[in-house]
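Examination of the molecular architecture
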Amino acid sequence: MIELIDDHSFHLHNDKISYVLTVMENGQLGHLYYGKALGSLTTTELDYLRAQASKSAGTVKYSPTTGNFNLADRAQEYPVYGSSDFRRGALDVYADNDPWYLDFSYQSYTITDTKPRSLAQPATYAVGNQEAQELAITLVDQVHQLKLVTYYTIFRAHGVIARRSTLTNLGASSVMIQNMMSAVLELPDDQFEMVNLAGAWLKERHVKYHNLAQGTVAVESLKGASGHQHNPFIALTRSRSLTTGDVYASNLIYSGNFLSQVEVNEWHKPRLMTGISPAYFGWQLAPAATFSTPEALLYYSADGLNGLMAETQAVAQQQIADRQWQRRPRPIVFNNWEATYFNFDETKLLTLAQQAKQLGMECFVVDDGWFGHRDSDRTSLGDWRVDHRKFPHGMGHFAQQIHDLGLQMGLWFEPEMVSPDTPLYRDHPDWVVRHPYPRTAIGRGQYVLDFANPAVVTAIYAQIKPVIEAAQLDFIKWDMNRNITEAYSPYLAAQGLPQTEFFHRYILGVYDLYQRILTDFPDLLIEGCAGGGGRFDLGMLFYSPQMWPSDDSDAVERLSILSGTTLAYPLSAFSNHVSAVPNDQVGRMTPLKMRQNVADFGPLGYELDITKLPAPELAAIKANIDFYQQHRELLVNGHFQQLQSLDPDANTVAWSVANADQSELFVGFYRKLATPNTSVLNYLKLPNVAVNRHYQIDDGPIVSGQILQQFGLREPYQFNGANADTAELRGDFQSQLYHLVAVD
Ligand code: GLA
């Protein structure tokens, strides 16, 4: 996978991709190529690639002694600002407020065949020594006494390169890192649109497109979490095509403040960079200390957005999330939040649990409100003792009854927060993120705990651990409901550390708590959540194989959220619940059929008062659960593809999910609003079928994979005003699932 072409040029390649880098004339690392696999390269071919890269249009020479060489339009691996390149660089270092104009020279490289999973920090991993290789290139800036190591991981099976870097201070005094990106990718032309996943609370991760033109397009979060508004994932697509054309994309394995941007220069060359946002960031690097960036992924597919999706989903499932969750079935969850909100006690919950069990559900999750005296969202966070008014015999006793019913037991926590009316807050006012200013913002009646302080993480875990043990929890929903303001850590102040380290140290504290919990309870399923999808990123996915994607449980809105999310994240991460109508977030009335047909894709749950439903609805739920249990493996872990537009405003949505050998697939078709007098003869071309096989469509016809791929699967006939005799679907909120099974 990693080929040394000459003693300082490297070719990372597999069947899908080639990534070529070389040491440039000035000793820095230059980028030569990323894209479709080139096969093995000779030194002559390397010279050819290099020659293409050395025609500079820049006017400022790099140095008086290096001829015409300059960096202005050279594709680089880890560019720095300050010499003949005027674009934003990947690394900014200051000493005593003096900017350093860095100059790194190649020293050496190492290649390793193993990359074990470590809970200490989220990153890609490989199992055994066949799956991946990692190249580490060491560069040194002798003048400034800094050592930079850039790491590249290539996986045997995926169209992706994982990148991260470390910086070590070899000098005698501290320096300040003011910006250190995780990955850079320079491309030879700008004939792309940038795609990102934008939104807000209740409408997260909608697909958006931006034109690339000279200038910068950026998405960023300064909220202390990746955020509802922007996701670290960005992609570059030539044509928006689902099936053809180059697509490049990046994502960051990180959950805090980030910046992902594409800068296009005057010669139409885009530079993509992603990493920790440099705003309000500064890391003091003491002598001999090392700073490590989070890891970032650079994807490539030659096969359009569906090709990209195949890579992002496989990488997340196999190299980032804990692989045990591909083997272990995701439980069908009952969550009481929208069923009861804060208004519950043990008796009510047990009635719900009995009904959940009868319907075939598998895990009972008690959401917010079981602790302290939390009858509203203004109180008790940080007081993780069971509320004896609601659970007179304690949580252990209640959980035992749930387990006795044959259900798994789950509980909601919001570990990073504290309410002002708690002993924790009263005893430790200095454990809160708060500037010494007289004014502090408050959100949802709560403050954020200073997770940059290890003592705070220890104290919170000391409260949570006995609850996990007493209730023998199988499942935790880990929520995070407010963003950070007036970012300031009393702990860092006391340690004499700069406050600009706060945001990164905070998120490392969050990872530390995850590590402690999963080290002690490795089988626990932790569902990530942040006011819905406010922290839906690969950092979280490393620990939480599934996440609550949005507080909007409306089936129509979920179509848009799922379509955007699956561009970057696997279906197995997308926790999907059936809720009541009228929907609590938008007041929409959708049929149960549509709600179930949407929620069946991904880990399934129910979040409504199942003790108050009419018998036909209960029967439909039972039937759907039976169906889901039979096909869960495919519906959670299958290969997901889009069949129509990803536009969140599209009136029809269609997707498919297939198993690995393409012997079985499901197709979901959805129409939001009925449309009169339209053609009913529409076909969905299925990319996920084997062309040499034949498939039976439900109990109907048997047709070849060729036909399904080239001609397509007929969309269900909708009632269009004139076809009452043949219409299969009518009215708003139509949906249809198709099951296709290979018969040869
Ligand atoms: C957040 C979550 C919801 C629910 C509530 C409880 O909004 O996203 O699913 O858990 O908190 O307060």
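Everything quoted here is computed from the prediction, not taken from an experiment.

So, on to the environment of Val-184. On the secondary structure map, Val-184 appears in strand 11 (residues 175-186). Separated by 164 residues in the primary sequence, Val-184 and Lys-348 have C-alpha atoms spaced 54 Å apart. For Val-184, the contacting residues outside a window of four places in its chain are Tyr-19, Gln-76, Glu-77, Tyr-78, Pro-79, Ala-90, Arg-163, Arg-271, Leu-272, Met-273 and Leu-298.

Strands sit in the order 32-33-34-39-36-37 across an open sheet of 6 strands; the sheet is antiparallel. The sheet is open, and its two edges are formed by strand 32 (639-642) and strand 37 (702-704), each paired on a single side. For this sheet the average axis-to-axis angle between neighbouring strands, irrespective of direction, equals 25°. With 7 bridges connecting them, strand 33 (residues 652-658) and strand 34 (residues 664-671) associate as antiparallel partners.

A few words on the domain arrangement of the protein. Interface size, as often reported, equals the accessible area lost upon joining of the parts. Partitioning the protein into structural domains gives domain 1 (2-320) and domain 2 (652-742). Relative to domain 2, the C-alpha centre of domain 1 lies at a distance of 41 Å.

This part is about the pairing of strand 3 (residues 17-23). Most of strand 3 is tucked away: 7 of the 7 residues are buried. Taking every second residue as pointing to the same face, both faces of strand 3 are buried, with Ile-17, Tyr-19, Leu-21 and Val-23 on one and Ser-18, Val-20 and Thr-22 on the other. Sheet analysis places strand 2 (residues 9-13) next to strand 3, joined by 5 bridges and oriented antiparallel. By the bridge assignment, Leu-12 is partnered in strand 3 with Tyr-19. Count of turn residues in the strand 2/strand 3 antiparallel hairpin: 3 residues. By the bridge criterion, 7 bridges tie strand 3 to strand 4 (residues 29-36) in an arrangement that is antiparallel. Counterpart to Leu-21 in the pairing with strand 4 is His-31. Taking the residues that link successive antiparallel strands as the turn, the strand 3-strand 4 hairpin has 5 residues, and the phi of Gly-27 there is positive, at about 95°.

Next up on the list: the site of the ligand. Residues in contact with the ligand amount to 13 residues; listed here are only the nearest, Asp-367, Asp-368, Lys-477, Gly-532 and Asp-551. Here Asp-368 contributes a side-chain N or O atom positioned 2.5 Å from an oxygen atom of the ligand. One of the side-chain nitrogen or oxygen atoms of Trp-412 is found 3.1 Å away from an oxygen atom of the ligand. When isolated, the ligand has an accessible area of 310 Å², and the protein chains bury 97% of it. Split by residue class, the shell around the ligand holds 4 nonpolar, 3 polar and 6 charged.

Right, let's get into the state of the cysteines. Inspection of every chain in the model, using the stated rule, returns 0 disulfides. Note on Cys-529: no disulfide assigned, nearest cysteine sulfur contributed by Cys-363 at a separation of 15 Å. Taking the relative accessible area as the measure of exposure, Cys-529 reaches 8% and is therefore buried.

Analysis parameters
- Throughout this document, residue positions are counted from 1 along each chain, in the order its sequence is written.
- Only residues with pLDDT of 70 or above have their local features reported here, since the model is predicted, and side-chain atom pairs are shown and tallied only from 80 upward, although totals for entire chains, interfaces and linings are computed over all residues.
- Just so you know, side-chain values use all the structure's heavy atoms and leave hydrogens and water out.
- Each helix is a run of H or I in the DSSP string that is no shorter than four residues. Each strand is a run of E no shorter than two, and both are numbered from the N terminus.
- Contacts are residue-level and defined by heavy atoms, with any inter-residue pair within 4.5 Å sufficient.
- Should DSSP find at least two bridges between two strands, the strands are regarded as paired.
- Axis lines are fitted through C-alpha atoms, for helices just across the contact stretch, and the angle between N-to-C directions can take any value from 0 to 180 degrees.
- Boundary definitions for the domains trace back to an automatic or database domain assignment.
- Whether a residue is buried, partly exposed or exposed follows from its accessible area with a 1.4 Å probe, protein chains only, as a fraction of its type maximum: under 20%, in between, or over 50%, in that order.
- What makes a residue near a molecule or strand is one non-hydrogen atom of that residue sitting within 4 Å of it.
- Any pair of N or O atoms that falls within 3.5 Å is considered a polar contact. Within protein, one atom must be able to donate a hydrogen and the other to accept it, and sequence-neighbouring residues count only if both atoms are side-chain atoms.
- Accessibility throughout is a Shrake-Rupley quantity obtained with a 1.4 Å probe, and a residue counts as covered only by protein chains that appear here.
- Polar here means any residue outside two lists: the nonpolar Ala, Val, Leu, Ile, Met, Phe, Trp, Tyr, Cys and Pro, and the charged Asp, Glu, Lys and Arg; Gly therefore counts as polar.
- Disulfide: a pair of cysteine sulfur atoms within 2.5 Å of each other.

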